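Structural overview for review
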Amino acid sequence: MAAVAAPISPEHIAIVKATAPVLKEHGVTITTLFYNNMIAARPELKNIFSMSNQASGAQARALAAAVFAYASYVDDLGKLKAAVERIAHKHESLKVQPEQYAIVGKYLIEAVAAVLGDACTPEIGEAWTAAYAALADIFISREQQLYAAHGDWQGWRRFKIQKKVLETSEIASFYLVPEDGAPLPSFLPGQYVSLQLFIPEKGYYQPRQYSLSDAPRSDYYRISVKKEKGKQVGGPGLISNLLHENYNEGDVVEITAPAGEFFVDPKDDESKPIALISAGVGLTPMISILNSAVNAGSKRRISWIHGVHSSEVRAFSKHIRDTVAKDSNHNINATFFVTSPQQQEVQGVDYHFAGRVNLGKVDSESSLFLGDARAEYYICGPYAFMKDMEKYLVSVGVAQERIHLEVFGTGDE
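Residues numbered from 1 in each chain as written. Predicted model: local features only at pLDDT ≥ 70, side-chain atom pairs only at ≥ 80, totals over all residues. Heavy atoms only, no water.

Strands sit in the order S4-S3-S6-S1-S2-S5 across an open sheet of six strands; the sheet is antiparallel. In this open sheet, the two strands that pair with only one neighbour each are strand S4 (204-211) and strand S5 (221-226). Looking at each pair of strands side by side, their axes are set apart by 40° on average, direction ignored. Judged from the eight bridges that link them, strand S3 (residues 192-199) and S4 form a sheet pairing that is antiparallel. (Pairing = 2+ DSSP bridges. Helix = DSSP H or I, 4+ residues; strand = E, 2+ residues; numbered from the N terminus. Axes fitted to C-alpha atoms, helices over the stretch in contact; angles between N-to-C directions.)

One finds Val 16, Phe 34, Tyr 35, Met 38, Tyr 70, Tyr 101 and Trp 128 to be the most contacted residues of the largest nonpolar core, which totals 46 residues. Mapped by element, the contributors of at least two residues to this core are helix H1 (10-18), helix H2 (20-41), helix H4 (58-72), helix H5 (81-94), helix H6 (98-116) and helix H7 (122-149). Of all the elements, H7 adds the most residues to this core, at eleven residues. Among all residues touching Trp 128, those that are not within four sequence positions of it are Val 16, Thr 19, Leu 23, Val 67, Ala 71 and Ile 109. (Core = buried A, V, L, I, M, F, W, Y, C linked by side-chain atoms within 4.5 Å. Buried < 20%, exposed > 50% of the residue type's maximum accessible area, 1.4 Å probe, protein only. Contact = heavy atoms within 4.5 Å.)

Next up on the list: the sheet that holds strand S12 (residues 403-405). Spatial ordering of the open sheet is given by S10-S9-S8-S7-S11-S12, a layout of six strands whose pairing is parallel. Since the sheet does not close on itself, it has two edges, and those belong to strand S10 (353-354) and S12, each with one partner. Direction of pairing for strand S8 (residues 302-308) relative to strand S9 (residues 332-338): parallel, over a ladder of seven bridges. When the bridges of S9 are listed, Gly 307 appears paired with Phe 337. Across the sheet, helix H9 (residues 284-295) touches strand S7 (274-279), S8, S9 and strand S11 (376-380), and the angle it forms with S7 is around 150°. The strands touched by helix H11 (residues 383-395) within the sheet are S7, S11 and S12, with S11 carrying the most contacts at an inclination of about 160°.

A word on the pattern of salt bridges. For the structure on display, the rule yields 16 salt bridges. The partner of Asp 76 in a salt bridge is Lys 79, and the shortest N-O contact between them spans 3.7 Å. A relative accessible area of 57% means that Lys 79 is categorised as exposed. Taken together, the salt bridges that share partners define one network made up of Asp 268, Lys 272 and Glu 376. (Salt bridge = Lys/Arg side-chain N within 4 Å of Asp/Glu carboxyl O.)

Time to look at the side chain of Ser 367. Tracing the sequence through the fold places Ser 367 in the loop between S10 and S11. Since its relative accessible area comes to 5%, Ser 367 is described here as buried.

Right, let's get into the environment of Ala 215. Mapped onto the fold, Ala 215 is located in the loop between S4 and S5. Look at Ala 215 and you get buried, because its relative accessible area is 7%. Aside from chain neighbours lying at most four places away, what touches Ala 215 is Phe 187, Ser 288, Asn 291, Ser 292 and Asn 295.

Attention now moves to H6. If you check H6, its first and last C-alpha atoms are 28 Å apart, about what 19 residues at 1.5 Å a residue would give, namely 27 Å. Along H6, the positions that sit buried rather than exposed are Gln 100, Tyr 101, Ile 103, Gly 105, Tyr 107, Leu 108, Ile 109, Ala 111, Val 112 and Leu 116. Of the surrounding elements, those touching the buried residues of H6 are H2, H5 and H7. Just downstream of H6, Gly 117 is the residue with a positive phi angle, here 60°. (Expected span 1.5 Å × (residues − 1).)

Let's shift gears to unusual backbone geometry. In this structure, Lys 95 takes a positive phi of about 65° despite not being glycine. Along the chain, the position of Lys 95 falls in the loop between H5 and H6. In this structure Lys 95 comes out as buried when scored by relative accessible area, which is 9%.

It is at 10 Å that the axes of H6 and H7 come closest, and there the two elements cross at 155°. One way to sum up the angle between H6 and H7 is to call them roughly antiparallel. By crossing handedness, the relation of H6 to H7 is classed as right-handed. Contacts from Pro 98, Tyr 101, Val 104, Gly 105, Leu 108 and Ile 109 of H6 reach H7 at Trp 128, Thr 129, Tyr 132, Ala 136, Phe 139, Ile 140, Glu 143 and Gln 144. Here the residues of the contact of H6 with H7 are counted per class, giving ten nonpolar, three polar and one charged. (Parallel < 35°, antiparallel > 145°, perpendicular 65-115°, else oblique. Left-handed = near helix turned anticlockwise from the far one by under 90°. Nonpolar A, V, L, I, M, F, W, Y, C, P; charged D, E, K, R; others polar.)

Pairing between strand S1 (residues 157-166) and strand S6 (residues 252-255): four bridges, direction antiparallel. Looking at S6, one finds that Phe 159 is bridged to Val 253. Relative to S6, S3 runs antiparallel, the two being bridged by two bridges. Looking across to S6, one finds that Leu 195 is bridged to Ile 255.

What follows concerns the confidence of the model for the chain. Across the chain, pLDDT averages 92, with 96% of residues at or above 70. Scored below 50 in pLDDT, residues 1-5 makes nine contacts in the model with residues more than four places away or belonging to other chains. Here residues 231-235 is modelled with pLDDT under 50, and outside its nearest four sequence neighbours on either side it reaches three contacts, counting other chains as well. (pLDDT = per-residue confidence, 0-100.)

Attention now moves to H4. Along its 15 residues, H4 runs 21 Å from first to last C-alpha, staying within 8% of the 21 Å computed at 1.5 Å per residue. Within H4 the residues assigned to the buried category are Ala 58, Gln 59, Ala 60, Ala 62, Leu 63, Ala 64, Val 67, Tyr 70 and Ala 71.

Before going further, it helps to spend a moment on the side chain of Thr 168. Within the fold, Thr 168 resides in the loop between S1 and strand S2 (171-178). Only 3.1 Å separates the side chain of Thr 168 from the backbone nitrogen of Ile 171, close enough to count as a polar contact. Not counting the four nearest positions on each side in its chain, Thr 168 is found in contact with Glu 312, Val 313, Arg 314 and Ala 315. (Polar contact = N/O pair within 3.5 Å; in protein donor to acceptor, adjacent residues only side chain to side chain.)

Below, the structure written as structure tokens:
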């Protein structure tokens, strides 16, 4: 375990909190300069950072928001526990190493000084250096715990694409088997893996996170990848397009051990109902959660609520319907929303509601379990969608701690 740094002094805390508004005002300028300078000096870090997020500015905005949040709660870090856990899992999945925190600290503090100029007094510089060191130690300590939990699997591991299945016109499933033939460790339903591909024309690797889309097995992992396109991602998704167009059965990719704080623990009290609420390809971790419960013979009540633009792009539709139909105990139910139903589709047969997902339209008890204060809610999809679902649930009395969002990308929206 990493040594824990001395707690940040009250004087430093006061300075960091006092300078939080300045960091908010100039945050994106600071973090943009930071990334530009650091990656120019240390180009090997391109293998870790999403260069698409760098180009769009999303990474700089996300870091600016994170720095401001840290400055605001530096004296009450418990409020940042969920964010720290999410980031630590992602860092571990990307194989961030303790020594890389020193590199980040150097260029971040230099960027603060450069942007603030004379306003960055020695006292301010010292306080922020101490605050960064304390935060780095928190991450290093937690990430080393996560690394240790993976045993011998400590780096990128080569997997062969055993099977590639086109689920819809835009989502393909990849069945991945370890090239070394060793049995695969289990994972918690809802978790993800990082996958990296080498980009020859760029000369570096690019990693992305993909939810595991099936129950844990010892012989293969499955991911289901949407071929990204359109304005919402600022252009075609580099890795998803490569996987769809260039990677086929027999090809090799590299992934890291499963990670992530978004999951349903199979050992949890199965008398607590769960609602799995998703949009588009956000159903992938939900499939893992559902299949795991079914395979284990769980008697847990499960509500599947999913929305798509059209039924043509709804993946696993038959699988979900079959799962509900085979549930002799009637513990599982499904509700489908379609934004634009086709003329030949019949409401109540092909879908339940036209339009975007609206939790106000579903049954408050059989689908949302609002009468059960133990119910848990798992949400995955575009960020705005997740926040809308969260807002509704809170408005009808669901406690915040029972609502779980799977935030991919930078989470800066």
